[in-house]
Amino acid sequence: MKNIILTGDRPTGNLHVGHYVGSLRTRVEMQNNSNYDKFIVLIADAQALTDNSGNPQKVRDNVMEVMLDYIAVGLDPKKVIFAIQSEITALPELTAYYMNLVTLPRVLRNPTVKSEVKMRGYGKSEECGIPVGFANYPISQAADITAFKANLIPVGEDQEPMLEQTREIVKSFNRIYGKEVLVSCKSCLPENEICNRLPGLDGNAKMSKSLNNCIYLSDSPEIIKKKVNSIATFPRALEEPGILENNILFTYLEAFANDEHFVKYYPEFKNLDELKKAYQQGGLGDGRIKKFLNDVLQDVLLPIRTKREEAAKNIKYLLDVLKEGTKEANAIANQTLAEVKEAMGINYFVDNKFEEEVLKKYN
Ligand code: ATP
Ligand code: MG
């Protein structure tokens, strides 16, 4: 079977280091080192509108920001098809057919949707109910994935329930309509478990654009330093043992620090294990750990920011890439839609079969 990779992000803000370790780093790795037939990255503006219907300008403004973040981390327009979701006309149509294969309680049982509903305060009052489109977004995500017959999906852990929903739709569709039209998919999670769901600066379980608890890939060195210094730590006397559990500083070090960083910025220790041991013994203040974390993040983000600034100088090229990619994506999705409609028997006028049937029956 040929591998088709698909993934995407909502243009609700600049991409952050959670995206980087959770999904972007895996994408670049897959782009450069794996076998695939096609690699599609969707800028999911239609999905972003499901909880930003009152703020379409925000979504519009962030399309090119996200595109710049992609180029900044090393995604390559020569290897990847970049496309804008709302411009792919087959997607809402596929979504509409898939909606008939899923029950309402099933959609609302999705644990990621549940926690996002809570986070956004939906359902607390009648004026602030859950938008139907929002509750439905896992089904539209199934349309995104299946439209390209994608089988490999590099995403963070919060997307696992969406892929589960997609697999259920694929199974139901192929069973009911009697053809193996749709292809099943699996997630490609980062190897380092801590990267599956990077917590926010405020200690919230997930760094998320909507929670404003992020270090962005485009943050300046000064902002990065300020954000690192703002991380709350457990108050303790210097000689007291440091606690690693729920310690965001160490969570971030687990996600970003490598042995080279120790050589460069903290030569007293060889690696993170050694640092952790010393920290637990006491005598190591959080100020010093923050300094190291800042050095590490600056080191990781400098080349990304530089590439981003370079790419911004040639924005017309990226606009063209996006326009061409969207065209190509449309062609692929239209082909799948045609197969879906054929399997469902709703392709009335693509050939003469329907006409012949009708004439035979009524003549
Ligand atoms: P929003 O708040 O608008 O939902 P977000 O920060 O959750 O934004 P998305 O665009 O929803 O970002 O997610 C894009 C991709 O990045 C998904 O694959 C998701 O799993 C991954 N991702 C997002 N946040 C994190 C995180 N904190 N840790 C690891 N992966 C993440
Ligand atoms: Mg999200």
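Chemist: Looking at this structure, I do not really get the domain arrangement of the chain. What am I missing?
Modeler: Think of interface size as the accessible area that goes away when the parts come together; that is how it is often given. Taken as a whole, the chain is organised into domain 1 (4-198 + 315-359) and domain 2 (221-310). Centre-to-centre, using C-alpha coordinates, domain 1 lies 35 Å away from domain 2. Taken as a group, Ala72, Ile194 and Leu198 account for 40% of the area that domain 1 buries against domain 2, more than any other trio of residues on that side. Summed over the shared surface of domain 1 and domain 2, the result is two salt bridges. Arginine 308 is paired through a salt bridge with aspartate 69; the nearest N and O atoms lie 2.7 Å apart. Seen at the junction of domain 1 and domain 2, the total is four residue pairs in polar contact (both at pLDDT 80 or more). Every element with two or more residues in the side of domain 1 that touches domain 2 is listed here: α1 (17-33) and α3 (56-73).

Chemist: Looking at this structure, I do not really get the site of ligand 1. What am I missing?
Modeler: Taken together, 22 residues form the shell around ligand 1, and within it Thr12, Asp158, Lys206, Ser208 and Ser210 come nearest. In this structure, an oxygen atom belonging to ligand 1 sits 2.6 Å away from a side-chain N or O atom of serine 208. Here serine 210 contributes a side-chain N or O atom positioned 2.6 Å from an oxygen atom of ligand 1. Against a free-state accessible area of 600 Å², the protein chains account for coverage of 97% of ligand 1. Taken together, the elements giving at least two residues each to the shell around ligand 1 come down to β1 (4-9) and α1. Top contributing element to the shell around ligand 1 by residue count: α1, with three residues. Among the residues forming the shell around ligand 1, the class breakdown is four nonpolar, eleven polar and seven charged.

Chemist: Would you explain the pairing of strand β3 (residues 81-84) in this entry?
Modeler: Moving residue by residue along a regular strand, the side chains alternate between the two faces of the sheet. Neither face of β3 is open: one carries Ile81 and Ala83, the other Phe82 and Ile84, and all of them are buried. The pairing of strand β2 (residues 38-43) with β3 spans four bridges and is parallel. Counted as the bridge partner of valine 41 is phenylalanine 82 from β3.

Analysis parameters
Residues numbered from 1 in each chain as written. Chains lettered and ligands numbered in written order. Predicted model: local features only at pLDDT ≥ 70, side-chain atom pairs only at ≥ 80, totals over all residues. Heavy atoms only, no water. Domains from an automatic or database assignment. Buried area = accessible area lost by both parts, 1.4 Å probe. Salt bridge = Lys/Arg side-chain N within 4 Å of Asp/Glu carboxyl O. Polar contact = N/O pair within 3.5 Å; in protein donor to acceptor, adjacent residues only side chain to side chain. Helix = DSSP H or I, 4+ residues; strand = E, 2+ residues; numbered from the N terminus. Near = heavy atom within 4 Å. Areas by Shrake-Rupley, 256 points an atom, 1.4 Å probe, with all protein chains shown as cover. Nonpolar A, V, L, I, M, F, W, Y, C, P; charged D, E, K, R; others polar. Buried < 20%, exposed > 50% of the residue type's maximum accessible area, 1.4 Å probe, protein only. Pairing = 2+ DSSP bridges.

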